[in-house]
Amino acid sequence: MRKKIVAGNWKMNTTVSEGVELAKAVVARSAEVPANVGLIVAAPFTHLVCVADAVKGSKVEVSAQNCADHEKGAYTGEVAVNMLVSAGCTWTILGHSERRQYYGETDEKLVVKTRLALDAGLGVILCVGENLEQREAGEHFAVVKEQVENVLFHFTAEEMGRIVIAYEPVWAIGTGKTATAEQAEEIHACIRQVLAGKFGAQVAEDTTILYGGSCKPSNAKELFAQKDIDGGLIGGAALKADDFIQIALSF
Ligand code: PGA
């Protein structure tokens, strides 16, 4: 049975002390969440050491929101994968649409980053998703398929065991406009089919695929009830511990 995961993407929100408080509040309620549902919080770089400390001994895992595309050296302002590991991270998000859109993150760069992250022992949450224009042009299946192929086809079936995919339609992120459960499910099913074609049915069956984009306590149940939706990558609603936990209780 593939793992269910609810991951909170805090983005560029909270001070260090606010982040630690939020992490502690998530930990305080984490025992309510069933054992087969993983909880991850993706905090800003500056918070990682303190947040990792705050979740120690609980089921909550810590993720970064990005990593450098080099191992070390003269790359001012960047944060390397071994730094993330040493800070207590076990995951990193990669390829979030905000990074693709504002920071020029390409699929080619994501191959490099994913390689570095996996080799350092991190799990990867790879984000894919079409924008509004692509959805309206009916290109959503093709766009997502291409993003998945461009990055993940560089990895092995075994490495897929440490990669989670997050389908996040860009038009649903932070807009309050959620994809309907049917719209999300058909893309998730398509992603699984793409994985099956390359890595075989077992890998496709075992890969966790999250939905992200205005997922909140009021719509999580319907989304998570879909057969190919294994949890969520939560932005806005992850900034309130009670909402985040409520979402994790929606399976
Ligand atoms: P949102 O963000 O839940 O605020 O829409 C999701 C994300 O971008 O990961």
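Right, let's walk through the structure included here. (Residues numbered from 1 in each chain as written. Predicted model: local features only at pLDDT ≥ 70, side-chain atom pairs only at ≥ 80, totals over all residues. Heavy atoms only, no water.)

**Section: the packing of aromatic side chains**
The description of an aromatic ring pair rests on the distance of the ring centres and on the angle between the ring planes. Applying the stated criterion across every chain, the model contains 4 aromatic pairs. The cationic tip of Lys198 hangs over the ring face of Phe153; the distance from NZ or CZ to the ring centre is 5.3 Å. (Phe/Tyr/Trp six-rings, centres within 6.5 Å; stacked < 30°, edge-to-face > 60°. Lys NZ or Arg CZ within 6 Å of the ring centre and 35° of its normal.)

**Here's the deal with the nonpolar core**
In a soluble, globular protein the nonpolar side chains are often hidden away together inside. Residues Val6, Leu39, Leu152, Ile191, Leu195 and Tyr211 are the most contacted members of the largest nonpolar core, which totals 72 residues. Considering every element that reaches this core, the biggest residue donor is helix H8 (residues 181–199), with 8 residues. When sequence neighbours within four positions are dropped, the list of residues in contact with Ile191 reads Val128, Val144, Val148, Ile165, Tyr167 and Ile209. Ile40, Ala166, Leu210 and Leu233 belong to the second-largest nonpolar core, a separate cluster that totals 12 residues. (Core = buried A, V, L, I, M, F, W, Y, C linked by side-chain atoms within 4.5 Å. Buried < 20%, exposed > 50% of the residue type's maximum accessible area, 1.4 Å probe, protein only. Helix = DSSP H or I, 4+ residues; strand = E, 2+ residues; numbered from the N terminus. Contact = heavy atoms within 4.5 Å.)

**Focus: helix H2 (residues 48–55)**
Among the residues of H2, Leu48, Val51, Ala52, Ala54 and Val55 are the ones counted as buried. Projected onto a plane normal to the axis of H2, the buried residues spread over an arc of 160° and lie on a single side. Exposed and oriented more than 90 degrees from the buried face of H2 are Val49 and Asp53. Elements that come into contact with the buried residues of H2 comprise helix H1 (16–30), strand E2 (37–42), strand E3 (60–64) and helix H3 (81–87). At the exit of H2 stands Gly57, carrying a positive phi of roughly 85°. (Arc of directions from axis to C-beta.)

**Some words on the layout of surface pockets**
A volume near 510 Å³ is recorded for the largest pocket. In this structure, the largest pocket is lined by 19 residues; those nearest its centre are Met12, Gln65, Glu98, Arg99 and Tyr103. Tallied by class, the residues present in the lining of the largest pocket amount to 9 nonpolar, 7 polar and 3 charged. (1 Å grid on protein atoms, 1.4 Å probe; cavity = no way out; pocket = protein on both sides within 12 Å on 5 of 7 lines; lining within 4 Å. Points joined across faces, edges and corners; volume = space filled by probe spheres on them. Nonpolar A, V, L, I, M, F, W, Y, C, P; charged D, E, K, R; others polar.)

**What to know about the environment of Glu32**
Its location among the elements puts Glu32 in the loop between H1 and E2. C-alpha of Glu32 to C-alpha of Lys221: the two residues are 189 residues apart in sequence and 16 Å apart in space. Not counting the four nearest positions on each side in its chain, Glu32 is found in contact with Ile245 and Leu249. Side-chain polar atoms of Glu32 contact the side chain of Arg29, separated by 2.8 Å. (Polar contact = N/O pair within 3.5 Å; in protein donor to acceptor, adjacent residues only side chain to side chain.)

**Brief notes about the pattern of salt bridges**
Taken as a whole, this structure holds 18 salt bridges when the rule is applied. Here Arg2 and Asp228 are joined by a salt bridge, their closest N and O atoms 4.0 Å apart. Separated by 226 residues along the polypeptide, Arg2 in the segment before strand E1 (4–9) and Asp228 in the loop between helix H10 (217–224) and strand E8 (231–234) bring together distant segments of the chain. Here the two residues Arg2 and Asp228 agree in accessibility, since each one is buried. When salt bridges with common partners are traced through the structure, they connect Arg2, Arg192, Glu205, Lys227, Asp228 and Asp230 into a single cluster. (Salt bridge = Lys/Arg side-chain N within 4 Å of Asp/Glu carboxyl O.)

**Some remarks on the sheet that holds E3**
In spatial order, the strands read E1-E2-E3-E4-E5-E6-E7-E8; together these 8 strands close into a barrel with parallel pairing. The average undirected angle you get between the axes of adjacent strands in this sheet is 30°. Here 4 bridges tie E2 to E3, and the two strands are oriented parallel to one another. Residue pairing across strands places Ala42 opposite Ser63, the latter belonging to E3. (Pairing = 2+ DSSP bridges. Axes fitted to C-alpha atoms, helices over the stretch in contact; angles between N-to-C directions.)

**So, the pairing of E3**
Counting buried positions along E3 gives 4 out of 5 residues, so the element sits mostly inside the fold. Regarding topology, H2 serves as the crossover connection from E2 to the parallel E3, and that connection is right-handed. Bridge count for E3 against strand E4 (residues 91–94) is 2 bridges, and the pairing is parallel. Within the sheet, the bridge partner assigned to Ala64 lies in E4 and is Thr92. Once the chain exits E3 it traverses H3 before rejoining the sheet at E4, and the crossover so formed is right-handed. (Right-handed = clockwise from strand over helix to strand, strands pointing away.)

**Topic: the environment of Leu126**
Tracing the backbone through its elements, the reader meets Leu126 in strand E5 (residues 123–128). Along the chain, Leu126 and Leu110 lie 16 residues apart, while their C-alpha atoms are 8.6 Å from each other. Beyond its immediate chain neighbours, meaning those up to four positions away, Leu126 contacts Leu94, Leu110, Val151, Leu152, Val164, Ile165 and Ala166.

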